[in-house]
Every structure is written in C-alpha cells, then in structure tokens.
Amino acid sequence: MTVLVVYMDVIREAIARKWFLALALSTTIALAIVGLALRLDVVDGALAASRLFGQILDSDIKSIDIALRPVFQVGAYAVYYIVMVTGVFGCSGFGPSMLAPGRIEHLLSLPVRRIELLLGTYLGVVTISSVIAMYGTIGLVLILGVKTGYWNWGMISAGWLAAISFAPIYASMLVSSLIVRSAPFCGLVGISLVTAGIVAGYRENLLALWEPGIGRTAFELLMAPLPKISSLAQIAGHSAASAPIDPGEMARLVAGSSVFAAAVLAFGAWLFEKKDF
Amino acid sequence: MNAIEATGVVKTFAGFLGRRPRMALCGVDLAVPAGMIFGLIGLNGAGKTTFIKALLAVLRPDSGAIGVLGGSPEAPAIRKKIGYLPERLHLPRVMTPLQFLMSVARIKRLDNPAQHAMHQLERVGLASERSTKLGGFSKGMRQRLGMAAALIGAPELLVLDEPTDGIDPLGRAEIRRILLEERSRGATVFLNSHLLSETERVCDRVGIIASGKIVRSGTLDELCGTKDRYKLVVEQSLDTEEMKQLGFASGEQPGEWICQASDGEALMARLDQLRRANVCFIELRPEQKELEEVLSDVVNGAKQ
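None of the values given here were measured: they were computed from a predicted structure.

Looking now at the interface of chain A and chain B. Facing the 28 residues of chain A at the interface are 25 residues of chain B. In total, chain A and chain B occlude about 2500 Å² of area from one another, counting both sides; carbon and sulfur atoms represent 58% of this. Applying the counting rule to chain A against chain B returns 4 salt bridges. Taking the shortest distance from any N to any O, the salt bridge between Asp9(A) and Arg106(B) comes out at 3.2 Å. For the pair chain A and chain B, the interface holds 15 residue pairs in polar contact (both at pLDDT 80 or more). Looking at the side of chain A that touches chain B, the elements with two or more residues in it are α1 (2–16), α6 (104–109) and α13 (247–274) of chain A. Ranked by residues supplied to the side of chain A that touches chain B, first place goes to α1(A) with 6 residues. The residue inventory of the side of chain A that touches chain B, partitioned by class, reads 11 nonpolar, 5 polar and 12 charged.

Of the residues in chain A, 91% have a pLDDT of 70 or more, and the chain-wide mean is 86. Within chain A, no element has a lower average pLDDT than strand β2 (residues 47–52) of chain A, which sits at 60, and none a higher one than helix α9 (residues 183–201) of chain A, at 95.

Residues and elements named next belong to chain B. Strand order in the open sheet formed by 6 strands is β5-β6-β7-β3-β8-β9, with mixed pairing between adjacent strands. Each edge of the sheet is formed by a strand with only one pairing partner; in this case those strands are β5 (82–85) and β9 (213–219). Direction aside, the axes of adjacent strands within the sheet are offset by 15° on average. Bridge count for strand β8 (residues 205–210) against β9 is 6 bridges, and the pairing is antiparallel. Following the sheet pairing, Ile208 is matched in β9 by Arg216.

Right, let's talk about the pairing of β5(B) for a bit. Residues and elements named next belong to chain B. Judged by which residues are buried, β5 turns out to be covered on both faces: Ile82 and Tyr84 on one side and Gly83 and Leu85 on the other are all buried. Pairing between β5 and strand β6 (residues 157–161): 4 bridges, direction parallel. Bridging across to β6, Tyr84 finds its partner in Val159.

The next point concerns helix α1 (residues 48–55) of chain B. Taking burial as the measure, the 8 residues of α1(B) include 7 buried ones, the bulk of the element. Downstream of α1(B) by one or two residues, Ala57(B) has phi in the positive range, about 60°.

Let us look at a negative patch on the surface. A contiguous patch of negative charge, built from Glu252(B), Glu290(B), Glu292(B) and Glu293(B), is present on the exposed surface. Among the secondary structure elements, Glu290(B) is positioned in the loop between β13 (281–288) and α11 (291–303).

Residues and elements named next belong to chain A. Orientation of helix α4 (residues 69–91) relative to helix α12 (residues 229–240), taken along the N-to-C sense of each, is 145°, at an axis distance of 7 Å. Taken as a pair, α4 and α12 cross one another with a handedness that is right-handed. Residues Phe72, Gln73, Ala76, Tyr77, Tyr80, Tyr81 and Met84 of α4 pack against Ile229, Ser230, Leu232, Ala233, Gln234, Ala236, Gly237, His238 and Ala240 of α12. Broken down by class, the residue content of the contact of α4 with α12 amounts to 11 nonpolar, 5 polar and no charged.

Conventions adopted
- Residues numbered from 1 in each chain as written.
- Chains lettered and ligands numbered in written order.
- Predicted model: local features only at pLDDT ≥ 70, side-chain atom pairs only at ≥ 80, totals over all residues.
- Heavy atoms only, no water.
- Contact = heavy atoms within 4.5 Å.
- Buried area = accessible area lost by both parts, 1.4 Å probe.
- Salt bridge = Lys/Arg side-chain N within 4 Å of Asp/Glu carboxyl O.
- Polar contact = N/O pair within 3.5 Å; in protein donor to acceptor, adjacent residues only side chain to side chain.
- Helix = DSSP H or I, 4+ residues; strand = E, 2+ residues; numbered from the N terminus.
- Nonpolar A, V, L, I, M, F, W, Y, C, P; charged D, E, K, R; others polar.
- pLDDT = per-residue confidence, 0-100.
- Pairing = 2+ DSSP bridges.
- Axes fitted to C-alpha atoms, helices over the stretch in contact; angles between N-to-C directions.
- Buried < 20%, exposed > 50% of the residue type's maximum accessible area, 1.4 Å probe, protein only.
- Patch = residues over 30% accessible without salt bridge, like charges linked within 9 Å, V, L, I, M, F, W, Y side chains within 5 Å.
- Areas by Shrake-Rupley, 256 points an atom, 1.4 Å probe, with all protein chains shown as cover.
- Lys, Arg positive; Asp, Glu negative; His and termini not counted.
- Charge placed at Lys NZ, Arg CZ, Asp CG, Glu CD.
- Left-handed = near helix turned anticlockwise from the far one by under 90°.

Okay, here's the thing in structure tokens:
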C-alpha cells in the first residue's frame, strides 16, 4: 500500500517535471516529421514500394507486408534504442533527487519502510519510461498504418520489449545512486550498462575472437549475468518485420532481464537498509 | 511517561581515505517526559543533528538503545506519530505546497489529505501560496512549509531541527505560538536551535550537548539559576562606592544590584543594611544566568 503511495508520488512528480513535457513534445514532433517525410506509395492494394525521404527503399514492387519489413524493422530498432537512451538521461535524476540531503531524512521519518521507498521509486520510473516507450511506438504504428493502410501491431512489441529491457538498466541506475548520489553518475552507469548489454547480446560471437585463458573467462563471466539488450532489440526488430521469432529464447531473455533487475534491487534494498543519512 | 528515552547511544562515522573515524555521539543518555517542549543546545559539531537522526532511525547508532513514544523509531506505527522538520529541508521544486503536504498526508495514511494539507498551510500562513511552485519559495517560506509538513496528522512528538532558521521576527513569533499550541494539545516538542533566546522563551527543559554527550539537562531555573546570588532593583540607590561597601555590585541595568548571600539569613542581613541606609527596594529575585553563559561554562568545563 505504501509502495503505491510512493509510486503515485513519483508519477505526479514526473508529470510536473518539464523535462517529461519536453520529451513528450519532442516525441510528438519526431513522429510528425516521420509522418510527413515518409512517402509510401501503395499500388493496387496489396502491392507496394516504399520511399524514405524521397529515396526508394527497394526497386521491386512487392507485397506490402514484405516491402515494408525494412521500414518496420528500422522503426522497431529506433524505438527500442531511443527509449533506452532517453530513459537513461530522463530518469537519471529521480534516485539522486529522492536521496538529496534534507529530503531523504524527511522521507525516512515518515511511516514508510526503506524498501517501500526504493520499490515505489523504481516502479514509478519504470512505468513512466514504459508509457513514453508505448506512446512513441503506438504513434509510429498509427503513422505507418495510416500511410500504408497496413497495420503492423507486431511493432508494439518493440515498445514493451524496450520497457522490459530498461527495467534492469534503471534498477542499476537507482542502486548506483545509493553509492554515489549524482545524476550524471547514474546516467553514466545507465549508458555503460546499455553498451555492455549490447555487447552481451553478441557474447557468443565475440567469444570466438578471444584466445582461451583468463581474459576470455573473465569476459564470459562478466557478460553472463548482464541483460542482453541487443538480443532483445533483434527480437523486437524481427517481431516488427513479421519474421519468425523463437518464443523460448524471448522468454529466456525476458526472464534473464527480470532476474537481473530483481537481484540488483535486492542488493539495493540491503544497501539502503545499512546506509546512514 | 517519557516521549524519548536514549541510553548509551554511540555513533562513530568511519573515516575514508586515511581520515580518522569521528565519534559523533559518545554515550548519550537522555529522557524527555511527554507533553513538554525540550530544547537541545550545543555548539556546531556537538552531535545535535546526529542525535536527532538517530532518534528517527535515519541513521543507526553503533550501540545503545533509543525508544520513542514507547516503541522503536524503526516501526512505521511509531513514525506515524512523529512530525519532523530537518535542518535543511529539500523540497521538490516542481511541486506545489498543497501537493507536497498531500503527499506527506498520504504516506501517513490520513483520510482526506487535501483537508489536512490546507489546515496546516493556513496555520503557517501559506494558504494563499498553495498553488505556487516550490522552486520560487524563499528560505523562510520553505521553512514554514517544512513546519506545516511536520504538523500534518497531529503528531504526538514533534522533532524540529532549527525551525526558525531563515524566518523573519514575526514569523518566529508565529512559530512560537504554534509550538505552544502543540504543547497545549499534549504533544511533546523536541527542539534543536542555535537561537538560545528562542530556546529560553519556549522550552520547559533544556539539554546541553557537548562533544557527543549530554553534559547538563534540566529546567531553565535549574540550569540558569544561582543558589547564592540575588538581583535587587532599588528605587533610589546610594552611590556605587557606598553600595559596594554594603556588599552590592552594580547590575546590567540602572538601579539593578547584585548581592551574594549563602542562605536566607545572610540575605536578610544584607537587606537590613539597605533599609538602615533608607534605600527602598522594589524587586528581589534569584539571579538567573543567560543560557549563553551557561552553555559557555558547560562547554568549557566539558573541554577541560
């Protein structure tokens, strides 16, 4: 119950922050630009060719779902990684703001447990990033749908996969703010983890480049627990392009990200309990 | 019943990068009876804020026991009965006073948070600013809002760290009035203030903390009163030399004289001398030291 109160307060504060208004506005502008710049010529209903910024994407006239695959795939990747980057920068201030001297003492004097404060803040920020991700994705789906007459709801998976992938990233950012209370440091942790997560997705390919030894083992161990950001992005892209995806692999990746987030939050809760303010 | 009970509270801050550990509290023992205004005074770095944070479980002591309102300060049920104003309250700039107080009321699980918030805003004189963003608030306004937040839910214990800091003289008088109202309601007020005159005006008991220990505690009379010195106000005195010969030293104000007498009999003998010299006195009271003087004596004594 108290988690819900903290959660709602985070949402209220986020709504009041001008940064989020700016983000919503810039997302809308970006969607409008895409909507106006994208020239998609639909020929004979089910057949189409696509042009982006006046450049034809493929010379052959194809069935519309096949012709638009690259567009949807690029759109899914764009949504996924834009959500990651804007989420990291947009949400890096929440943890340090909650832990600011003079605020955290006041919060801790109220009838709220530290773990409730941590969870409420975490869930609030993850919800905000999810809403922004879904706003951008649904906006793109609508624009492409109106333009082409072909409604690709598979693209929405890019939005929710981005939200799922951001959850462990933000868990790490929030917990890092318990160690160093600084928004830039939080942002740095987030970007580093996104980068490491991209590398982790190509772990198997990269391992082949390493000579057997301590370095390779260290790389393997370091990459093993990380959320595989690039692998989830590929699934989002495949889903948007109506390409076949392995549900088992997707479930494994989503579960891995969730376990990583839970482990980081558990460590954060322990750290928070031990910490003096 | 005691609202606050602390026994042997020790807190040491670890030293990093070659710095020596610092012992902020060195065995604090303190009992604050319920329903009174208690003032904690001491120099900078004496451990006042650290003790307050330990009282609220914002930091955990290394050893010792702290009981607040008959329970542990860690328990949410106990914390619901506490109102706290930190020394430097950080307020979210994008929120309005009403939103901020409603958030506090919601965390305290009070019915009708808006009503509670408005009532406290009216009490501290910020009702007209209820929809102004906190980013534009002056220091005094922020402090008033912090006070309102502490008062939300009619807490049984108010812990106030420098409540009048940054507030203008009229505002201070309002804060004093609120504190006295809270005491009348039955609440206990634990006050930490650098302004000794404020402490003298409102506190029933005062504790002096020096080097992480409560070195003296008692009522103002117990702390500031002297056992063998009396202050006398006369209508028309003799000249200074003659008064000195009678055993009276001049006081701070014109017509004010100080005499020393070990007991009532010695005092009467001195007064008889005055009467024989046809000096009419209109006021006689035990001399009270200034709290500042007491603090200085106690702190210097603790250093030695």
